[in-house]
Each structure stands twice: as structure tokens, then as C-alpha cells.
Amino acid sequence: MSQLLEPFLQALQALNRVEAQNILCQATDRQTSIELVEELVVPALEEIGRGWEEGSVALSQVYMSGRICEELVDLILPQSAPERKKQPNMAIVVLEDYHFLGKRIVYSILRASGFELADYGRMTVEELVVRTQADGLELLLVSVLMLPSALRVKALRAKFDELGLKTKIVTGGAPFVFDENLWQEVGATAMGRSASEAIEVITQIMEGKL
Ligand code: B12
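All of these numbers come straight from a predicted model, not from anything done at the bench.

### Some details on the site of the ligand
Next up, step 1: Residues in contact with the ligand amount to 31 residues; listed here are only the nearest, Glu53, Glu70, Tyr98, His99 and Ser143.
Next up, step 2: Within the side chain of glutamate 53, one N or O atom sits 2.6 Å away from a nitrogen atom of the ligand.
Next up, step 3: The side chain of serine 143 places a nitrogen or oxygen atom 2.7 Å from a nitrogen atom of the ligand.
Next up, step 4: Elements with a minimum of two residues in the shell around the ligand: helix 3 (33-54), helix 4 (59-76), helix 5 (101-112), strand 3 (139-143), strand 4 (168-172) and helix 10 (195-206).
Next up, step 5: Tallying contributions element by element places helix 3 first for the shell around the ligand, with 6 residues.
Next up, step 6: Across the shell around the ligand, the residue classes tally to 18 nonpolar, 9 polar and 4 charged.
Next up, step 7: Shared between two domains, the shell around the ligand takes at least three residues from each, and those domains are domain 1 (2-76) and domain 2 (90-206).

### Quick word on the side chain of arginine 111
Next up, step 1: Along the chain, arginine 111 turns up in helix 5.
Next up, step 2: A polar contact is formed between the side chain of arginine 111 and the side chain of glutamate 116, at a distance of 2.5 Å.

### Here we look at the domain arrangement of the protein
Next up, step 1: As far as domains go, the protein holds domain 1 (2-76) and domain 2 (90-206).
Next up, step 2: Taken over C-alpha atoms, the centre of domain 1 sits 25 Å from the centre of domain 2.
Next up, step 3: With 9 residues of domain 1 at the interface, the matching set in domain 2 holds 7 residues.
Next up, step 4: Taking both sides of the interface into account, the surface hidden between domain 1 and domain 2 amounts to around 750 Å²; carbon and sulfur atoms contribute 65%.
Next up, step 5: Three residues stand out in domain 1 for area buried against domain 2, namely Ile34, Glu38 and Glu70, and they jointly supply 58% of the buried area on that side.
Next up, step 6: The interface formed by domain 1 and domain 2 contains 1 salt bridge.
Next up, step 7: Residues glutamate 70 and arginine 104 are paired through a salt bridge, measuring 3.2 Å at the closest nitrogen-oxygen approach.
Next up, step 8: Counting the contacts that link domain 1 with domain 2 gives 3 residue pairs in polar contact (both at pLDDT 80 or more).

### Brief notes about the coordination of the cobalt atom of the ligand
Think of it this way: four donors in a tetrahedron around the metal ideally sit 109.5 degrees apart, and six in an octahedron ideally sit 90 or 180 degrees apart.
Next up, step 1: Its sole protein donor being His99 (NE2), the cobalt atom of the ligand sits 2.2 Å from that atom.
Next up, step 2: Looking at the secondary structure, you find histidine 99 in the loop between strand 1 (90-95) and helix 5.

Criteria and thresholds
Residues numbered from 1 in each chain as written. Predicted model: local features only at pLDDT ≥ 70, side-chain atom pairs only at ≥ 80, totals over all residues. Heavy atoms only, no water. Near = heavy atom within 4 Å. Polar contact = N/O pair within 3.5 Å; in protein donor to acceptor, adjacent residues only side chain to side chain. Helix = DSSP H or I, 4+ residues; strand = E, 2+ residues; numbered from the N terminus. Nonpolar A, V, L, I, M, F, W, Y, C, P; charged D, E, K, R; others polar. Domains from an automatic or database assignment. Contact = heavy atoms within 4.5 Å. Buried area = accessible area lost by both parts, 1.4 Å probe. Salt bridge = Lys/Arg side-chain N within 4 Å of Asp/Glu carboxyl O. Donors = N, O, S within 2.8 Å, 3.2 Å for Na, K, Ca; no water.

This is the structure in C-alpha cells:
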């Protein structure tokens, strides 16, 4: 897998969608699509993000790489698993942020693993409170990549508490990976670093461990 990272990265930076797709598809007979996403797509985008911070990658490259990866992820991730698991009533949302790829991956992988969940797209705290109450959610998965958005989870938890909503919040995305205590500070029940960890956390919640 690691030897594919450099060519995949180069294809993305050259905005060569066809080449990026070829590299990814070559590996699908050796790796599961979930492994490919987590071991190739995510590290490549992180590397591109680092390049942008250092000034060696343009914002247009960051944007187009993100779009190309979105399309490729849709292409390789399996559709919903036929058997659904008995599970909490749950949804996933991007909270006041514009980074959608993480949510899309977590959503697809959860559905492919047998979980049923609603996709709320992008919402503000106010919209989310109304929707959560109306749908009677037991579990809300929140994806953010920017720190100000991550801090909004605190306002969300406060609104839930004000209304007596017991909905559990599980957070994920870069700010929670950078600061390992942030999920507790914003009042979440747990956090996950990847789509696989999302499955682990939900399983623990179903077993009453969280
Ligand atoms: C691609 C990208 C963009 C694309 C987004 C395209 C899209 N459709 O998503 C574009 C170009 C639009 C963009 C814009 C901006 N970006 Co940007 N972007 C990135 C970049 C390079 C990669 C993000 C990404 O897609 N990663 C791949 C995905 C799959 O990873 P992920 O989201 O982390 O998800 C995984 C896990 O975190 C986890 N996960 C995610 N969500 C959840 C949820 C739950 C419940 C669980 C359990 C797990 C989980 O599972 C996923 C799969 O493993 C990051 C760099 C980085 N290191 O993250 C910067 C980054 C996030 N961006 C940043 C910034 C600042 C911006 C802009 C403000 C830039 C600007 N000045 O215009 C704008 C924001 C616009 C807005 N109003 O919000 C900063 C945020 C800094 C901060 N901490 O606040 C970063 C960190 C770059 C940096 N170092 O400065 N960006």
C-alpha cells in the first residue's frame, strides 16, 4: 500500500483523475475498499493538506484533490449491506463546516457494514436541534474539520441538555485527532479517529459500555 501512496499523490497533485483511479483500482484485488480509503486516500489528502500549509500546494489543488477523492470513494465503497443491524436511531452531520469527505466516508462505511443512518448533510446548531428532536435521535455522529466548528459541539450539547434531549453525540475529524481531550471538553460521549473507529464506538454504545 505504501508504495502506491507517492504515485497516487502525484496523480492527485497533477489533477489526473484517470491515473488516480487506475492506481486505486489496481489495488482493489489486494485490499478491501475500506482499507484503501483509510490507508491511501486519507493519508494522501493529509499530505496535500500539509503541502498547502507549507506553501508547496495551491488551494485549487487541495480543492480538486478533494473532489477527485470524493468521486473515487463513491466508486470503490460498496453500497449498503443487505442485512441491517439492530441499532440506535442515528444520523450523521457536518456541523457548520464545509469539509464533507470525512462524513461521506464514515456514512458509506457504516452503511456498507450494515448500519442504517440518516445523512443530514450540513447543518447549523439551531437546525440540528430542531431535526434531532423531531426525529427522536438516540445517537448523532458529528463530523468537523475546523476548530471553530468543533467548538460549536459544546453549544449543541448545551441546547440538547436545555431541552432534556438524551441524544448521545460522537465526534470525529481533524480537531479531535489533534487534541485528544477536545471531545470531552465539548460534551461528546466519545470520538473516533476513522470510520473503523466509528463502528467500534457505535458497537460499544449498543452494548451499553458508553
Ligand atoms: C480537502 C480540504 C479542503 C477542501 C474540502 C473539499 C470537501 N468537499 O470536503 C476545500 C478546498 C473546500 C477546503 C476548504 C477550506 N479549508 Co480545508 N482542508 C482540506 C484537507 C487538505 C483535507 C481534508 C479531507 O478531506 N481529508 C480526508 C478526510 C477523509 O479525512 P477526515 O475528514 O479527517 O475524515 C476521517 C476521520 O477524521 C474520521 N472522521 C471524520 N468525521 C468523522 C465523524 C465521526 C463521528 C467519526 C467517528 C469519525 C470521523 O473518519 C474519516 C475517514 O477516516 C485538510 C487537511 C487535513 N489535515 O485534514 C484541510 C483543512 C481541514 N482545511 C482547513 C481550512 C482552514 C480550510 C479553509 C478555511 C481554507 C480557506 N482559507 O479558505 C476552507 C474552509 C471553507 C469553509 N468555509 O469551511 C484547515 C482547518 C484548520 C482548523 N483546524 O481549523 C485544514 C486542517 C488545513 C490546515 N492545516 O490549515 N479544505
